[in-house]
There are 4 protein chains.
Amino acid sequence: MAGLEAAPAFFSDLIDTLTERGRSLLGQKGGREIVAKDALPTLGEMLLSRRGEASGVAIAQTLIASYAAAEPSERLAFLQALADRFGPDRRRIEHAIEAVRKDQGTEALENLHAAAEPRRQELIRRLNLAPGGTSALVRMREELLEYLPKHPELKSVDADFTHLFSSWFNRGFLVLRPIDWTTPANILEKIIRYEAVHAIQNWDDLRNRLQPEDRRCYGFFHPQLVDEPLIFVEVALTREIPGAIGPLLDLSRTPIAATEATTAVFYSISNTQKGLGGVSFGNFLIKQVVENLKRELPSLKTFVTLSPVPGFARWLERERKSEESSCLDAAAKEALGILDEPGWSDDPEKVESVRAILLSAAACYFLKAKDSKGRPVDPVARFHLGNGARLERLNFPGDVSAKGLKQSHGLMVNYLYALDEIERNHEAFAEKGVVAASPLVRKALRADLSSADLVPTP
Amino acid sequence: MAGLEAAPAFFSDLIDTLTERGRSLLGQKGGREIVAKDALPTLGEMLLSRRGEASGVAIAQTLIASYAAAEPSERLAFLQALADRFGPDRRRIEHAIEAVRKDQGTEALENLHAAAEPRRQELIRRLNLAPGGTSALVRMREELLEYLPKHPELKSVDADFTHLFSSWFNRGFLVLRPIDWTTPANILEKIIRYEAVHAIQNWDDLRNRLQPEDRRCYGFFHPQLVDEPLIFVEVALTREIPGAIGPLLDLSRTPIAATEATTAVFYSISNTQKGLGGVSFGNFLIKQVVENLKRELPSLKTFVTLSPVPGFARWLERERKSEESSCLDAAAKEALGILDEPGWSDDPEKVESVRAILLSAAACYFLKAKDSKGRPVDPVARFHLGNGARLERLNFPGDVSAKGLKQSHGLMVNYLYALDEIERNHEAFAEKGVVAASPLVRKALRADLSSADLVPTP
Amino acid sequence: MAGLEAAPAFFSDLIDTLTERGRSLLGQKGGREIVAKDALPTLGEMLLSRRGEASGVAIAQTLIASYAAAEPSERLAFLQALADRFGPDRRRIEHAIEAVRKDQGTEALENLHAAAEPRRQELIRRLNLAPGGTSALVRMREELLEYLPKHPELKSVDADFTHLFSSWFNRGFLVLRPIDWTTPANILEKIIRYEAVHAIQNWDDLRNRLQPEDRRCYGFFHPQLVDEPLIFVEVALTREIPGAIGPLLDLSRTPIAATEATTAVFYSISNTQKGLGGVSFGNFLIKQVVENLKRELPSLKTFVTLSPVPGFARWLERERKSEESSCLDAAAKEALGILDEPGWSDDPEKVESVRAILLSAAACYFLKAKDSKGRPVDPVARFHLGNGARLERLNFPGDVSAKGLKQSHGLMVNYLYALDEIERNHEAFAEKGVVAASPLVRKALRADLSSADLVPTP
Amino acid sequence: MAGLEAAPAFFSDLIDTLTERGRSLLGQKGGREIVAKDALPTLGEMLLSRRGEASGVAIAQTLIASYAAAEPSERLAFLQALADRFGPDRRRIEHAIEAVRKDQGTEALENLHAAAEPRRQELIRRLNLAPGGTSALVRMREELLEYLPKHPELKSVDADFTHLFSSWFNRGFLVLRPIDWTTPANILEKIIRYEAVHAIQNWDDLRNRLQPEDRRCYGFFHPQLVDEPLIFVEVALTREIPGAIGPLLDLSRTPIAATEATTAVFYSISNTQKGLGGVSFGNFLIKQVVENLKRELPSLKTFVTLSPVPGFARWLERERKSEESSCLDAAAKEALGILDEPGWSDDPEKVESVRAILLSAAACYFLKAKDSKGRPVDPVARFHLGNGARLERLNFPGDVSAKGLKQSHGLMVNYLYALDEIERNHEAFAEKGVVAASPLVRKALRADLSSADLVPTP
């Protein structure tokens, strides 16, 4: 442990004062000067070297506080150290491999597994023991994800974070809670901040989504991050499946009685913690919310989303340029030229003239187009189809906001969660890639396309 | 996946009805007939084979319910299957080893780690997703621990349970809560049931330990096991360090005002979940309780235990028989003969006559005697010394109950938690095996022993 | 204000130290010496004389603490002072009467009302402002009720307590809460203590009434007495209307699923605060519980009591001795002689031989016998009939415990709460004294009695 | 009971359907047609005529719902009916008076008191039994207070409301709760709406008053109005007594650590329920908050307000015009002419030139000027002095907002709550009208005024 030997005076002091300083650091800013420049990895080694838990928590606190107080360059250096200095112990792996070669017994295999575990996994586990540790680790990974594109060497660190977070944030440890106008303001302001689909303008807009009796909102919370909804879904209770977002969010609309609603519309689902990216809880959320709503309001029969189609415009642009498009023929390409005219969406005639062709293209987008892994191109579609939902209806125009026009030429869709179909749809999609879609959507597909898959988009 | 092929009809049906049946099973008894004899391992394979989470939860529910409804022999068979059929995939390990031999890159190492992970780890993680999964897994391991002595093949399964439980029940996820006379009765009855040190006779005895203002009790709770304290500690607030348990538990004693107390006495610490054996949270509990008490009652200066010495009588018996005892000389051995006389503890003269020699032997027991791993022989001593406490005082007689006489001839001891010494004591004990002890205890050691360690007891 | 002048030195001091002492007194015992012998009424005068609220609370605290610390004789003297020194101001009444005689205006009437208000009402209101004041006043009245039989001069004080308590403990301020096995132990021990109908033997007996899924318990709580249920009702969920209490309380019985129950049986209703005697909340409790249960368990169709008949044996004894009994003829009187034989209830033959005549007498007791105010003789009957319930069934033998035999020769009855009849029954009973009874009960009445009321029992 | 006889058909129907309709009415709008034009007073008679409580609640619900649905003219008519038809029963009073004249006994006096009680008191008590009754009554009185100036005949009704509300909303039934950024949004929006002293601009302004660690807010809540703070106080924690409001509310200021604060500044106190006007709980609030803060932050030594002086500008105008002003001589009057110049407060020289004279006038305003009842002219002064606070400092300019300039030429003051003086100050103020003021304030008074009181302002 070179680090420790290099700075003996520093550490002999540290060991005495760690608890106190560690604790005081946490509450402070500017505790930066306490730890030497290369101290973060050294603290990591120290934390791993302790046999007991007693001083461990103090060291973990110090490391977390020091990381928080460190310059960006030091932080990156620490993450890189996690990648190269806290991987598995290669010599130990060699011995373990030899033992396995000699003896195929259980113990040898266990040793191999232990030897191959990157040392940073245990380090992250020990950091999690500090007060506030979980939250600090989620923020640390958020930072890591920002570095990742330019620092591919951090990929293995990210994999370990994902592995541990998946265990700690598993469904069994999450708590579903309604979010409404009686929810504490410090949580509500996060709803405003994190809403990713249809931005919340201000507190009046927020109240309009939470307080009326035909509106609901639910979030998953984790005991260690009490004030942070990890993911939340906004729900409108209606009398029919809606095709456009505007009327749902209209501040001046008249609410209906909750007991008169037949349909629950999931019109926005937002993850809040970038640091938990790749840990999925969305499908649990929707299913749990469906169950809660059914219990509370037996008159609800239909559970459906009103969803954006974020990948459609980009895909359509490619298709329009491609000479080999199997979704668009020449006539279609020409007709779609209207979409290039500024203000087309304000002109009902233009909208009508393009509707049929655009819907047909959309059906092709959902049912035929695949990405390089053979999955639907649209990420929102992948999410809901993967949950076992069915593509129920294409709505045009559904969202004529600037964002809606840009990402999908105003197209919105409904995914239907039919409880007695979910398992089967999910199985078929997960195992064979089958896209569940209503007859209506299938019909929108032009006849000559309905029998053959398309070439994957690169 | 042989299991699945072997029972195609059963499973094609199952896949359709799983959700419903799985759910209904959970609430019922006697759902036994639903799953075929060898179904548990097959369900395990099925659970691992699903790519998505949608049907996964339903299968997990079914497996858990089926396990609960199964005969003991089937359960054991399932645990054995976890050991032999759900270990790591040996062929995959072989490939991974070859890849590592060729290429020492990060990815190859990651693959090796993944390949060497026993498949049951992922299986246990997926079972944890079912409602009530955590609790079911804790009970499953409790059973496993009962089988373990006669079924050493389950050792590797136990190791994986311990690994995962350590992650899920880490300190960061535990919540400290006071337990008092306003605590719900369903939790209090567990305090009665689980108290392991000084049995609680009935609800009056319980109230006597919780309600007086000079009594406290705290427990750690986990969000997934809300009604179950995982560990709890009982505390008496006193004006001095007590030497005997009797007066503390006396139903007719007069409480003192909490603000007059100078000393907090931890007189009982009990783990409650056998299924969490080996996952330690005791030292966190004591430190957290010390902090809480200091904040609530600034007049408290001394934090100390009143502890049993469960290994003393057995050790002393061996020493008395041993010809090579370095703790007892012939005179001592003879004097200790009094302990064999029935009723000696009721005769003050006999008690006095044996006191000095017994205390000297006790000092030797704590300071010199080591087990085969070089650690103190006494398990309670190992716990508190490992936490950084100091052996403060030997009390004789401290516990003249039948249990106290049997396990330690009535000896009790105090371990002192001095906050500014804890880290140092812990380090010295963990790294070098140094036993922290007060001068008084050291003095009790006979002069000729204080300089040399004893031969380890076998 | 003679009291104040009589002790000037005492009070000039007091005024300075009141707050502090008042507060410290509250936490202590033995603060008795602080207030002079006749100080309680003087403190009362003082409290009334303050214009502002600032020192008022301190004086109120002192008075309450002093009362708590006073000897019984001083307490009685204080209550008597409330009666004679804190009545209305007679001279002021005289003036107000004259003003009313002169001028029938609103203001004069208001003045008369204010003048006629006993001064103790304002005193009690001000005492209620002290921390813990409400609870202290409830205890004070409990004491007053004990003195009342021998001290009729306290009647007017009692009337004022009742008046104010009715306002403070009105239904609008009460909170209904389920009481179950997760309820805090300090509340549960009060359930054990206060259960007035079928004594609860111990914590096991209590659990047996709270924990099984076919058992419920609800209580009314007041925000000022948080740990005290004011009244509570114990409920059994069954498949039919039960006729005997024994099987309901049997520790070894097998619970049924709550969802299978069709009938909710209120088998015990207990008031807990003697000091709130005369303030009724029982009928609100039952109706609220009926509503809650209907919402939770739609399969419940029948809401019924299983009630004791506490006045029956005494009444029957009188009838048997009376030569003018219109309920019992000579033959009946002779047949009932069996009830004088020790152990008759253990002999099925004897029980059978007396059944018809006893039930007929019981019907007469409920339907015909009246007390001096023209109301049913039985207090439990008055309560349930007053709530709008209907006498549904007579059960013999229903309670063969010593208490049951003594008060009603083992008779129990069911009162039915039929929601659509309650208002009508209540109106008819309250306005015209009509006793709602099922045809079955009417039939039990001998033909010659069913048309004429009985002479009131003295 | 003329009303009942006048509408027999209506009521015989009503009695059957009351419960149901009453309940359904409550949840609806537009239930207006159910009750005949003059039905409200008739329902009142009906409610009073019921002997039992069973149908009472249903009638109370109907009356409340009907009142809510009625036209303003009908509501006023109902309030007027309360005044003239639900006063005391005059004939009964006559009898009671005669009985008192004959017999001075307790019972006769009690009867007189009962007879003189306006019948509407019992009516209001019974209305309070309905679900939501308390809240409905508070709104009803709010309306009454609006009518009062033009309808003096309602004065007696108002007196009864005040009497009953004082009993129901007495200090003993109020709960103090901190209000902070974790408080539910539906409560926080009421803080924004009700803040009466320094208007809250928006949610950011609100957060700035609640979230920083040197800010606190507390409110009193009543169990029957759970989402409504009845009164709340905003507190700033500072290092010294502030003289101006601007810096306290500055959105860009830097908070200090709460533990560094020595001074708690109550800078805004707002009542929220107009319907509870005249029921005082402000002084309890401040004292309770002082106690809570002292406990939480022992470093706090000074508890002080920063208060507006709402009556100063109006009073000064009168003094400047008056030829008999004993506060202002000719020179002072001339100097104060600057206050008539637009924009004077932006010119530091002008501010300085007027400071001494204005402060002297202010001292006179607080210490000498009295209203027609001999009390200080300023309502805020009356409140704090009545609580036992001391006028500590005059600040000029303290509030240069438009509102501040208009009501007090920018003057603000501090009232000091010195716990060991409060009782004495309060007594001296309440009993003798003594205004507690610091030497500094006394010094600001011109020498020739300090010995003689002023003539009361009309």
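Owing to the predicted nature of the structure, the values given are computational and were not obtained by experimental measurement.

Engineer: Honestly, the overall build of chain A in this entry has me stumped. Any pointers?
Structural biologist: Summing up its helical and strand segments, chain A has 21 helices and eight strands in all. Looking at chain A as a whole, 57% of its 458 residues qualify as buried. For chain A, the computed accessible surface area is about 19800 Å², with 52% contributed by carbon and sulfur atoms.

Engineer: So what exactly am I meant to see when it comes to the UniProt feature "domain: Malonyl-CoA decarboxylase C-terminal" (unreviewed entry) in chain A here?
Structural biologist: The positions that UniProt labels "domain: Malonyl-CoA decarboxylase C-terminal" (unreviewed entry) are, in the present scheme, residues 172-417 of chain A. For residues 172-417 of chain A, helix accounts for 36% and strand for 18%, while the C-alpha atoms at its two ends are 22 Å apart.

Engineer: Teacher, can you tell me more about the state of the cysteines here?
Structural biologist: Residues and elements named next belong to chain A. All chains considered together, the criterion is met by four disulfides over all chains. Note on cysteine connectivity: Cys-327 is disulfide-linked to Cys-364, with sulfurs 1.8 Å apart. Taking the sign of the S-S torsion, -80° for the link of Cys-327 and Cys-364, the bridge is left-handed. Here the residue Cys-327 occupies a position in the loop between α15 (312-321) and α16 (330-335), and Cys-364 occupies one in helix α17 (residues 348-367), the gap between them amounting to 37 residues.

Engineer: Would you mind going over the packing of aromatic side chains with me for this structure?
Structural biologist: Think of a pair of aromatic rings as described by two things: how far the centres are apart, and how the planes are tilted against each other in angle. Under the definition given, this model contains 52 aromatic pairs over all chains. Their ring planes at 70° and their centres at 5.8 Å tell us that Trp-203 of chain A and Trp-181 of chain D sit as a pair that is edge-to-face. Of the two residues, Trp-203 of chain A sits in helix α12 (residues 203-210) while Trp-181 of chain D sits in the loop between β1 (175-178) and α11 (185-194), which places them in two different chains. For the pair Trp-203 of chain A and Trp-181 of chain D, one class covers both residues: buried. When the ring of Phe-173 of chain C is compared with that of Trp-168 of chain D, the centres are 6.2 Å apart and the planes differ by 85°; the resulting orientation is edge-to-face.

Engineer: It is not clear to me how the relation of the copies chain B and chain A should be interpreted in this structure. Could you clarify?
Structural biologist: Here the two chain copies are tied together by a rotation about an axis and a shift along that axis. Each copy of the sequence occupies a distinct position, and chain B is placed on chain A by a rotation of 180° and an axial shift of 0.0 Å, giving an RMSD of 0.1 Å. Viewed as a symmetry operation, the transformation between the two copies matches a two-fold axis. Closest approach to the rotation axis within chain B is made by the C-alpha atom of His-113 of chain B, at a distance of 2.8 Å. In this assembly the copies share their binding face: 100% of the residues contributing to the interface of chain B also contribute to that of chain A.

Engineer: In this structure, what is going on with the relation of the copies chain B and chain C? I would like to understand it.
Structural biologist: Superposing chain B onto chain C requires a rotation of 180° together with a translation of 0.1 Å along the rotation axis, leaving an RMSD of 0.1 Å. Taken together, the interface assignments show that 100% of the residues at the interface of chain B recur at the interface of chain C, consistent with an identical surface on both copies.

Engineer: What should I look at first to understand the interface of chain B and chain C in this one?
Structural biologist: One widely used convention gives an interface's size as the accessible area the parts lose upon coming together. At the junction of the two partners, chain B supplies 11 residues and chain C supplies 11 residues. Note on chain B versus chain C: buried area summed over both sides is about 900 Å², and carbon and sulfur give 57% of it. Our count for the chain B to chain C interface comes out at two salt bridges. We note a salt bridge from Glu-189 of chain B to Arg-207 of chain C, for which the minimum N-O separation is 2.2 Å. Inspection of the chain B/chain C interface yields eight residue pairs in polar contact (both at pLDDT 80 or more). Here the element with the most residues in the side of chain B that touches chain C is helix α11 (residues 185-194) of chain B; it accounts for four residues. The residue inventory of the side of chain B that touches chain C, partitioned by class, reads five nonpolar, four polar and two charged.

Engineer: Which parts of the structure should I look at to understand the interface of chain B and chain A?
Structural biologist: Between chain B and chain A, the contact holds 57 residues from the first and 57 residues from the second. Buried area between chain B and chain A, both sides added, is near 5100 Å², and the carbon and sulfur share of it is 50%. Three residues stand out in chain B for area buried against chain A, namely His-113, Phe-173 and Glu-423 of chain B, and they jointly supply 12% of the buried area on that side. On inspection of chain B and its partner chain A, the count reaches two salt bridges. Between Glu-94 of chain A and Arg-101 of chain B there is a salt bridge, and its shortest N-O distance comes to 3.5 Å. Every element with two or more residues in the side of chain B that touches chain A is listed here: α2 (8-26), α4 (54-69), α6 (90-102), α7 (106-116), α8 (119-127), α10 (155-168), α14 (282-296) and α20 (419-432) of chain B. Per element, the largest residue contribution to the side of chain B that touches chain A is seven residues, and it comes from α6 of chain B. Across the side of chain B that touches chain A, the residue classes break down as 17 nonpolar, 21 polar and 19 charged.

Engineer: Help me out: how do you make sense of the UniProt feature "domain: Malonyl-CoA decarboxylase N-terminal" (unreviewed entry) in chain A in this one?
Structural biologist: As recorded in UniProt, the sites labelled "domain: Malonyl-CoA decarboxylase N-terminal" (unreviewed entry) are residues 86-169 of chain A. Spanning residues 86-169 of chain A, this segment combines 74% helix with 0% strand, and its end C-alpha atoms are found 24 Å apart.

Engineer: Please clarify how helix α11 (residues 185-194) of chain A should be interpreted in this entry.
Structural biologist: Each α-helix turn comprises 3.6 residues. Residues three or four places apart therefore point the same way. Among the 10 residues in α11 of chain A, eight count as buried, and that is most of the element. Restricting attention to buried positions, one finds in α11 of chain A the residues Ala-185, Asn-186, Ile-187, Leu-188, Glu-189, Lys-190, Ile-191 and Tyr-194 of chain A.

Engineer: Even after reading the chapter, I still don't get the packing of helix α5 (residues 72-84) of chain A against helix α9 (residues 133-147) of chain A, so can you show me in this structure?
Structural biologist: When two helices pack together, their arrangement is given by the angle between the helix axes and the distance between those axes. Residue and element names in this part refer to chain A. For the pair α5 and α9, the least separation of the axes is 11 Å and the interaxial angle reads 90°. It follows that α5 is roughly perpendicular to α9 by the angle criterion. Contacts between α5 and α9 pair Pro-72, Arg-75, Leu-76, Phe-78 and Leu-79 from the former with Met-140, Glu-143, Leu-144 and Tyr-147 from the latter. Looking at the contact of α5 with α9 residue by residue, the class counts come to seven nonpolar, no polar and two charged.

Engineer: Would you mind going over α15 of chain A with me for this structure?
Structural biologist: All names here are of chain A. Those residues of α15 not exposed but buried are Phe-312, Ala-313, Trp-315, Leu-316 and Glu-319. What you see down the axis of α15 is that its buried residues fit within an arc of 160°, all on one side. Of the exposed residues in α15, those oriented more than 90 degrees away from the buried face are Arg-314 and Lys-321. In this structure, the buried residues of α15 make contact with α16, α17 and α19 (402-408).

Engineer: Is there a simple way to explain the pairing of strand β5 (residues 302-305) of chain A in this structure?
Structural biologist: As a general feature of sheets, a regular strand has side chains that alternate between the two faces. Bridge count between strand β4 (residues 263-271) of chain A and β5 of chain A: four bridges; the pairing is parallel. Directly across from Ala-264 of chain A, in β5 of chain A, lies its bridge partner Phe-303 of chain A.

Engineer: Even after reading the chapter, I still don't get the pairing of strand β2 (residues 215-221) of chain C, so can you show me in this structure?
Structural biologist: All names here are of chain C. Judged by how many residues are buried, β2 sits mostly within the fold: seven of seven residues are covered. Going residue by residue along β2, you find Arg-215, Cys-217, Gly-219 and Phe-221 tucked away on one face and Arg-216, Tyr-218 and Phe-220 tucked away on the opposite face as well. Pairing geometry for β2 and strand β3 (residues 231-238), over six bridges, is antiparallel. What sits directly across from Cys-217, in β3, is Glu-234.

Engineer: What am I meant to see in the environment of Phe-303 of chain A here?
Structural biologist: Residue and element names in this part refer to chain A. Along the polypeptide, Phe-303 turns up in strand β5. Look at Phe-303 and you get buried, because its relative accessible area is 2%. Between the alpha carbons of Phe-303 and Lys-287 there is a distance of 9.9 Å; along the sequence they are 16 residues apart. Setting aside its immediate chain neighbours within four residues, Phe-303 contacts Ala-264, Phe-266, Val-290, Leu-293, Lys-294, Tyr-415, Leu-416 and Tyr-417.

Engineer: For this particular structure, what's the right way to read the side chain of Glu-392 of chain A?
Structural biologist: All names here are of chain A. Inspection of the secondary structure puts Glu-392 in strand β7 (residues 390-395). Side-chain polar atoms of Glu-392 contact the side chain of Arg-390, separated by 2.8 Å. Once residues within four sequence positions are removed from consideration, Glu-392 is found in contact with Asn-414, Tyr-415, Leu-416, Ser-438, Leu-440 and Val-441.

Engineer: What's the story with the side chain of Thr-272 of chain A in this structure? I'm lost.
Structural biologist: Residue and element names in this part refer to chain A. Tracing the backbone shows Thr-272 in the loop between β4 and α14 (282-296). Given the relative accessible area of 7%, Thr-272 is considered buried. In terms of polar contacts, Thr-272 uses its side chain to reach the backbone carbonyl oxygen of Pro-229, at 2.5 Å. Beyond its immediate sequence surroundings of up to four residues, Thr-272 is in contact with Tyr-194, Pro-229, Leu-230, Ile-231 and Phe-232.

Engineer: What exactly am I supposed to notice about the confidence of the model for chain A here?
Structural biologist: Any segment with low pLDDT has predicted coordinates that should not be analysed in fine detail. Residue and element names in this part refer to chain A. Per-residue pLDDT for chain A has a mean of 87; in total, 88% of the residues score no lower than 70. Per-residue pLDDT stays below 50 along residues 1-35; that stretch engages in 43 contacts with residues further than four places along the chain or on separate chains. Per-residue pLDDT stays below 50 along residues 450-458; that stretch engages in 21 contacts with residues further than four places along the chain or on separate chains. In the model output, the complex is listed with pTM 0.83 alongside ipTM 0.80.

Engineer: I'm lost on the environment of Ala-68 of chain C in this one. Help?
Structural biologist: With respect to the helices, strands and loops of the structure, Ala-68 of chain C is situated in helix α4 (residues 54-69). In this structure the C-alpha to C-alpha distance between Ala-68 of chain C and Met-140 of chain C, which are 72 residues apart in sequence, comes to 9.0 Å.

Engineer: Just to check I follow, could you spell out unusual backbone geometry for this structure?
Structural biologist: Apart from glycine, the bulk of residues carry a negative phi angle, and the bulk of peptide bonds sit in the trans form. Residues and elements named next belong to chain A. Residue Pro-397 follows Phe-396 across a cis peptide bond; omega there is -10°. Phi is positive for His-409, close to 50°, though the residue is something other than glycine. Assignment of secondary structure puts His-409 in the loop between α19 and β8 (412-416).

The rules behind these values
- Residues numbered from 1 in each chain as written.
- Chains lettered and ligands numbered in written order.
- Predicted model: local features only at pLDDT ≥ 70, side-chain atom pairs only at ≥ 80, totals over all residues.
- Heavy atoms only, no water.
- Helix = DSSP H or I, 4+ residues; strand = E, 2+ residues; numbered from the N terminus.
- Buried < 20%, exposed > 50% of the residue type's maximum accessible area, 1.4 Å probe, protein only.
- Areas by Shrake-Rupley, 256 points an atom, 1.4 Å probe, with all protein chains shown as cover.
- UniProt positions renumbered as here; feature names shortened; annotations may be inferred.
- Disulfide = S-S within 2.5 Å.
- Phe/Tyr/Trp six-rings, centres within 6.5 Å; stacked < 30°, edge-to-face > 60°.
- Least-squares fit on C-alpha atoms with pLDDT ≥ 70 in both.
- Contact = heavy atoms within 4.5 Å.
- Buried area = accessible area lost by both parts, 1.4 Å probe.
- Salt bridge = Lys/Arg side-chain N within 4 Å of Asp/Glu carboxyl O.
- Polar contact = N/O pair within 3.5 Å; in protein donor to acceptor, adjacent residues only side chain to side chain.
- Nonpolar A, V, L, I, M, F, W, Y, C, P; charged D, E, K, R; others polar.
- Axes fitted to C-alpha atoms, helices over the stretch in contact; angles between N-to-C directions.
- Parallel < 35°, antiparallel > 145°, perpendicular 65-115°, else oblique.
- Arc of directions from axis to C-beta.
- Pairing = 2+ DSSP bridges.
- pLDDT = per-residue confidence, 0-100.

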